[in-house]
Amino acid sequence: MVVALGLLSQAGTGRAQAVIPVVDQGAHVWASQESAGCLLGGKMGNRWLKPKEMAGMLRGGETYRLYTMTRFIGTARGSKPEKGERASPEYSVKMVPLPAGPKEVLAIGGQWNALPRVPRLLSTDQKIYQAAVAEVLKKKGIKNPKVKLKQVIHIDLDSDGVEEVLVTADTYGEKLYTHLQKKGSYSLVLLRKVIHGQVENLVIEEDYFPANLKYGVPMRFWVGAVLDVDGDGVMEIVLHAMYYEGGGTSVHKVEGDKVTRVLVAGWGV
Ligand SMILES: [Ca+2]
Ligand SMILES: [Ca+2]
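Residues numbered from 1 in each chain as written. Chains lettered and ligands numbered in written order. Predicted model: local features only at pLDDT ≥ 70, side-chain atom pairs only at ≥ 80, totals over all residues.

Draft legend 1. Region of interest: the overall build of the protein chain. Within the protein chain, the secondary structure is distributed over two helices and 19 strands. The globule rule puts the C-alpha radius of gyration for 269 residues at 18 Å, and the 18 Å found for the protein chain is close to it. Principal-axis analysis of the C-alpha atoms places the extent of the protein chain at approximately 65 × 45 × 30 Å. Here the contacts in the protein chain between residues at least 6 apart in sequence split such that 56% fall between residues at least 24 apart. (Helix = DSSP H or I, 4+ residues; strand = E, 2+ residues; numbered from the N terminus. Rg over C-alpha atoms; globule rule 2.2 N^0.38 Å. Contact = placed C-beta atoms within 7 Å.)

So this is what it looks like as structure tokens:
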């Protein structure tokens, strides 16, 4: 996955205008070419932009900084966004050079360090988080929930010295076909955060099968990266989603007990 944040220089002024195109270039993106990533949108000033608006501002040749979950891996140049066809993303951007190896990469065009604090990937065998997920599932009407944690990530999003925790839980099968999922299956991503001295569990994305079914087909969510996408010092959460014939990526901003999806794009049938 590549989330791309660009700094477009304004001709003649020598000053950079902060623009944040976000491109997902993960192995799960459906695009006509392997090197094409999904433009998620961007940010200009205080305003988050949808893919179409962002695409109109990119001429190609912008420099992006590429990140995995835990590392800065180098820079690349992005192409002018191309309008996608059929199941491809609405707009795709190609990165040159394309990083080999990591399956999930985020490209940020800004010149700041988008990884000011590095997420710690911890063991999923922890009762405290299993209990937290079980509590959420019970509230959703899943009796005797089977808790299967996939990710436990510690990261201080807002640099206040207290770590936040991201927990991903998922019981969907490897193939996300509707008829292979069992009743009570689910996928969800929780943010555990201390708010006014209390630990709160905030659900960022969720999908349940077959009760409370949202999309009609199972949708798997997971954390792809945690990065300061817009350079304000506070880290955003990048989530991936996948269903049996498509997927998407979204960026979420956290303020107090509020989680807001600020960018999103998808692809598929
Ligand atoms: Ca914190
Ligand atoms: Ca930020």
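Read on, since the account is not over.
Draft legend 2. Local environment of the environment of glutamate 62. Relative to the helices and strands, glutamate 62 is located in strand 6 (residues 62-67). Between the C-alpha atoms of glutamate 62 and proline 145, which are 83 residues apart in sequence, the distance is 47 Å.

Draft legend 3. Spatial organisation of the sheet that holds strand 18 (residues 246-255). The four strands lie next to each other as 16-17-18-19, forming an open sheet whose pairing is antiparallel. Edge positions in the sheet fall to strand 16 (220-227) and strand 19 (258-268), since each of these pairs with one other strand and no more. Sheet twist, expressed as the mean angle between neighbouring strand axes with direction ignored, is 20°. Here strand 16 runs beside strand 17 (residues 236-243); their pairing, made up of seven bridges, is antiparallel. If you follow leucine 227 over to strand 17, its bridge partner there is glutamate 236. (Pairing = 2+ DSSP bridges. Axes fitted to C-alpha atoms, helices over the stretch in contact; angles between N-to-C directions.)

Draft legend 4. The arrangement of helix 2 (residues 127-139) in detail. Under the 1.5 Å per step criterion, the end-to-end length of helix 2 is 18 Å for 13 residues, consistent within 8% with the ideal 18 Å. Turning to helix 2, its buried residues number three or more, namely Tyr129, Ala132, Val133, Val136 and Leu137. Along the axis of helix 2, the buried residues cluster in a sector spanning 135°; they form a single face. Of the exposed residues in helix 2, those oriented more than 90 degrees away from the buried face are Lys127, Ile128, Ala131, Lys138 and Lys139. Just beyond helix 2, the residue with positive phi is glycine 141, at close to 90°. (Expected span 1.5 Å × (residues − 1). Buried ≥ 20, exposed ≤ 12 C-beta atoms within 10 Å, placed from the backbone. Arc of directions from axis to C-beta.)

Draft legend 5. Examining unusual backbone geometry more closely. The omega torsion across valine 96 and proline 97 is -5°, close enough to zero to call that bond cis. Of note, the phi angle at asparagine 144 is positive, near 45°, even though the residue is not glycine. When you line up the elements, asparagine 144 lands in the loop between helix 2 and strand 12 (149-155). Positioned with a positive phi, histidine 196 is a non-glycine residue whose angle comes to about 50°.

Draft legend 6. Here's a closer look at the environment of aspartate 156. By the secondary structure assignment, aspartate 156 is in the loop between strand 12 and strand 13 (164-170). For the pair aspartate 156 and lysine 80, spaced 76 residues apart in the sequence, the C-alpha separation amounts to 34 Å. Look past the residues within four positions of aspartate 156 in its chain and what remains in contact with it is Arg117, Gly161, Val162, Glu163 and Glu164.

Draft legend 7. Broad picture of the nonpolar core. Core analysis: the biggest nonpolar cluster contains 69 residues, and Leu39, Tyr67, Leu106, Ala107, Val167, Leu190 and Leu227 have the highest contact counts within it. Top element by residues in this core is strand 17. It accounts for six residues. Per-domain counts for this core show at least three residues from each of domain 1 (7-108) and domain 2 (120-268). (Core = buried A, V, L, I, M, F, W, Y, C linked by C-beta atoms within 7 Å. Domains from an automatic or database assignment.)

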